[in-house]
Amino acid sequence: MAVRSVSELVEQGFEAVEKEILECTDCQLHETVSNKVISKGSKSPGVVFVGEAPGKNEDETGVPFCGRAGRNLDSMIEYMGLSGDDYAVINTIKCRPPKNRNPLKSEIRACKPFLEAQIELLGPKVIILLGNTAEKAFCNGEKLEWGVPKTVEGKYTLLKIYHPAALIYQRSRIEEQNALIDNNRHLWE
């Protein structure tokens, strides 16, 4: 299946994008996936969190961030003061890479039209990139500083913070993450 352009996907709406994702065979990940992971949260959020890729729990359930990293993300969202209507969660790629390896450039490229269409349809004012892989997938090689917002004129503000999974293994970064959030509350409050 050839992925349609972002504008074609957006024109067709959420349901069509979800259907395209479910039917996608543009990389080999579709061969080993149990469930493709599309999104959770509001369809008109002020904030969109972009993660890396589904993990084992997400692959089993089809729900993004439903395991240990998801509990960290939930805590972060609560700390930010966001309600269920305020945010959505998506990933750069929609299928779990084998053994939770990092997504390959070709896999990120195959899913990028879906990522961009989801962002455009969701229309957030803030996009929070959770870690380096989300940054690489979304920013076309541009590096962002941790916790320093970058405004994309007329569209949204980008903010890169730590991936919730990193906080599982580096608990000392939780305070640092909270400081990044505190410094940027004006973006979503």
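Residues numbered from 1 in each chain as written. Predicted model: local features only at pLDDT ≥ 70, side-chain atom pairs only at ≥ 80, totals over all residues. Heavy atoms only, no water.

K.L.:
Would you mind showing me how to read the side chain of H163 here?
P.N.:
Looking at the secondary structure, you find H163 in the loop between β6 (156–161) and α7 (164–169). A polar side-chain atom of H163 sits 2.9 Å from the main-chain amide nitrogen of A165. When near neighbours in sequence (up to four residues on either side) are disregarded, H163 contacts E52, F65, A69, L130 and G131. (Helix = DSSP H or I, 4+ residues; strand = E, 2+ residues; numbered from the N terminus. Polar contact = N/O pair within 3.5 Å; in protein donor to acceptor, adjacent residues only side chain to side chain. Contact = heavy atoms within 4.5 Å.)

K.L.:
I tried to follow the nonpolar core on my own but got confused; where do I start?
P.N.:
Proteins that are soluble and globular tend to have nonpolar side chains buried together. Membership of the largest hydrophobic core comes to 23 residues, with the highest contact counts inside it found for F49, I128 and W188. Secondary-structure elements contributing two or more residues to this core are β2 (47–51), α4 (68–80), β3 (87–91), β4 (126–130), β6, α7 and α8 (173–183). Here this core takes five residues from α4, the largest share from any one element. Judged by nonpolar contacts, the second largest core, of 19 residues, contains I21, L29, I38 and A137. (Core = buried A, V, L, I, M, F, W, Y, C linked by side-chain atoms within 4.5 Å. Buried < 20%, exposed > 50% of the residue type's maximum accessible area, 1.4 Å probe, protein only.)

K.L.:
Is there a simple way to explain unusual backbone geometry in this structure?
P.N.:
Where the residue is not glycine, phi is negative for most of them; where a peptide bond is considered, it is trans in most cases. Positioned with a positive phi, F65 is a non-glycine residue whose angle comes to about 50°. Here F65 is to be found in the loop between α3 (56–61) and α4. Using a relative accessible area of 5% as the deciding quantity, one classes F65 as buried. The phi angle at N140 is positive, at roughly 50°, despite the residue not being glycine.

K.L.:
Please explain the sheet that holds β3 as it appears in this structure.
P.N.:
The strands making up a sheet associate through hydrogen bonds between their backbones, and the pairing can be parallel or antiparallel. The sheet built from six strands is open, its strands ordered β1-β3-β2-β4-β6-β5 with mixed pairing. Of all strands in the sheet, those with a lone pairing partner are β1 (40–41) and β5 (150–152), marking the two edges. Across two bridges, β1 lies against β3 in antiparallel orientation. The partner of G41 across the bridge, within β3, is A88. With respect to the sheet, helix α6 (residues 132–139) is in contact with β2, β4 and β6, its orientation differing from that of β4 by roughly 130°. (Pairing = 2+ DSSP bridges. Axes fitted to C-alpha atoms, helices over the stretch in contact; angles between N-to-C directions.)

K.L.:
Help me understand the pairing of β3 in this model?
P.N.:
Side-chain positions along a regular strand alternate between the two faces of the sheet. Of all five residues that make up β3, five are buried, and the element is covered over most of its length. What you see with β3 is no split at all: Y87, V89 and N91 on one side and A88 and I90 on the other are buried throughout. Of the pairings in the sheet, the one linking β2 to β3 comprises five bridges and is parallel in character. Within β3, the residue paired with V48 across the bridge is A88.

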